Amino acid sequence: MPDDHPSDTAPPAELRTLQARSLLFRQPGFLVRRLHQIHGGLFLQETSSFDITPVQYSLLTALAQHGELDQNTLAWEIGLERSSVAEVLPRLQARGLLERRQSEQDRRVKLVRLSRAGRALVKRMEPAMQRAHDRTLEALPAAERDLFMLQLIRLVEANNDASVVPLRLR
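Residues numbered from 1 in each chain as written. Predicted model: local features only at pLDDT ≥ 70, side-chain atom pairs only at ≥ 80, totals over all residues. Heavy atoms only, no water.

1. Quick look at the nonpolar core
Then step 1. If you look at the biggest cluster of nonpolar residues, it comprises 26 residues, and the most contacted ones within it are Ile52, Leu59, Leu60, Leu63, Leu74, Val85 and Leu92.
Then step 2. Of all the secondary structure elements, the ones that give two or more residues to this core are α3 (54-66), α4 (71-78), α5 (82-94), β3 (110-114) and α6 (116-137).
Then step 3. Those residues in contact with leucine 63 that sit more than four places away from it in its chain are Leu69, Leu74, Leu98, Val112, Arg113 and Leu114. (Core = buried A, V, L, I, M, F, W, Y, C linked by side-chain atoms within 4.5 Å. Buried < 20%, exposed > 50% of the residue type's maximum accessible area, 1.4 Å probe, protein only. Helix = DSSP H or I, 4+ residues; strand = E, 2+ residues; numbered from the N terminus. Contact = heavy atoms within 4.5 Å.)

So this is what it looks like as structure tokens:
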């Protein structure tokens, strides 16, 4: 596959030096998992006062963006199994952060939306979330952060169908 993105950010010599530290540094899956662990720790450091998990925050953010969604669509929006979403929703509802109701068109379908308290919480969490994101990327030069995000998005989109729970991509 030709390289249609010639702006390499790590010279091959630097990459070889880094990969010489550990064979694991040659495995993208290991690095993605490790970065996820690191970001999870930063998330918890920055947001501990809110008592919200990363999965719960993703769910709240999707609802903040899209308004009311059925539970299946919500699961697709965040790439989470429907059963996991069904387990998380009652906890958030018990905290008064979202509202659920049956669809009038199909009584089997549950619709979910943020409550006023849920919208307020997402808004209050924005600065803490931004700090967690910034801390995750701070080791990269500022000029490379957008490129890194673009590359992550490309990888997620290109491999989305390989996931057990693909994201809903538009």
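2. Let's talk about the sheet that holds β3
Then step 1. As summarised here, the arrangement of the three strands in space is β1-β3-β2, forming an open sheet in which the pairing is antiparallel. The open sheet has two edge strands, β1 (69-70) and β2 (98-102), and neither has a second partner.
Then step 2. Relative to β3, β1 runs antiparallel, the two sharing two bridges. In the strand pairing of β3, leucine 69 is matched with valine 112. (Pairing = 2+ DSSP bridges.)

3. Regarding the pattern of salt bridges
Then step 1. On inspection of all chains with the given rule, the structure shows six salt bridges.
Then step 2. In this structure, arginine 135 engages glutamate 46 in a salt bridge whose closest nitrogen and oxygen atoms are separated by 2.8 Å. Separated by 89 residues along the polypeptide, arginine 135 in helix α6 and glutamate 46 in helix α2 (residues 28-47) bring together distant segments of the chain.
Then step 3. Glutamate 46 gets classed as buried once you look at its relative accessible area, which sits at 16%.
Then step 4. Of the charged contacts, one joins arginine 168 and glutamate 77 as a salt bridge, the two residues approaching to 2.5 Å between their closest N and O atoms. One end of the pair, arginine 168, is in the segment after α7 (142-159); the other, glutamate 77, is in helix α4, with 91 residues separating them in the sequence.
Then step 5. Using a relative accessible area of 34% as the deciding quantity, one classes arginine 168 as partly exposed.
Then step 6. Connected through salt bridges with shared partners, the residues Glu46, Arg131 and Arg135 form a single ionic network. (Salt bridge = Lys/Arg side-chain N within 4 Å of Asp/Glu carboxyl O.)

4. Quick notes on the environment of histidine 39
Then step 1. Relative to the helices and strands, histidine 39 is located in helix α2.
Then step 2. Residues histidine 39 and valine 55, spaced 16 residues apart in sequence, show a C-alpha to C-alpha distance of 13 Å.
Then step 3. If we skip the residues at most four places from it in the chain, histidine 39 touches Ala132, His133 and Thr136.

5. So, the packing of α4 against α5
Then step 1. Axis separation between α4 and α5 bottoms out at 9 Å; the angle between their running directions is 105°. On the basis of their axis angle, the class for α4 and α5 is roughly perpendicular. Taking contact as the criterion, the partners of Gln71, Asn72, Leu74, Ala75 and Ile78 in α4 are, on α5, Arg82, Val85, Ala86 and Leu89.
Then step 2. Its residues assigned to classes, the contact of α4 with α5 shows six nonpolar, two polar and one charged. (Axes fitted to C-alpha atoms, helices over the stretch in contact; angles between N-to-C directions. Parallel < 35°, antiparallel > 145°, perpendicular 65-115°, else oblique. Nonpolar A, V, L, I, M, F, W, Y, C, P; charged D, E, K, R; others polar.)

6. Details of the pairing of β3
Then step 1. Where β2 lies against β3, five bridges are found, and the strand directions are antiparallel. In the sheet register, glutamate 99 faces β3, and the bridge partner there is arginine 113.

7. Points about α4
Then step 1. The buried fraction of α4 is high, at six of eight residues.
Then step 2. Residues of α4 that are buried: Gln71, Thr73, Leu74, Ala75, Glu77 and Ile78.
Then step 3. Contacts made by the buried residues of α4 are with α3, β1, α5, β2 and β3.
Then step 4. Of the residues that open α4, the one with a side-chain oxygen 3.0 Å from the backbone nitrogen of asparagine 72 is aspartate 70. (Polar contact = N/O pair within 3.5 Å; in protein donor to acceptor, adjacent residues only side chain to side chain.)

8. Some remarks on the packing of α2 against α6
Then step 1. Remark: α2 packs on α6, axes separated minimally by 9 Å, with the N-to-C direction vectors making an angle of 145°. α6 is crossed by α2, and the crossing has right-handed handedness. Contact residues: α2 offers Leu35, His39, Leu42, Phe43, Gln45, Glu46 and Thr47, while α6 offers Met125, Ala128, Met129, Arg131, Ala132, His133, Arg135 and Thr136.
Then step 2. For the contact of α2 with α6, the class distribution of residues is seven nonpolar, five polar and three charged. (Left-handed = near helix turned anticlockwise from the far one by under 90°.)

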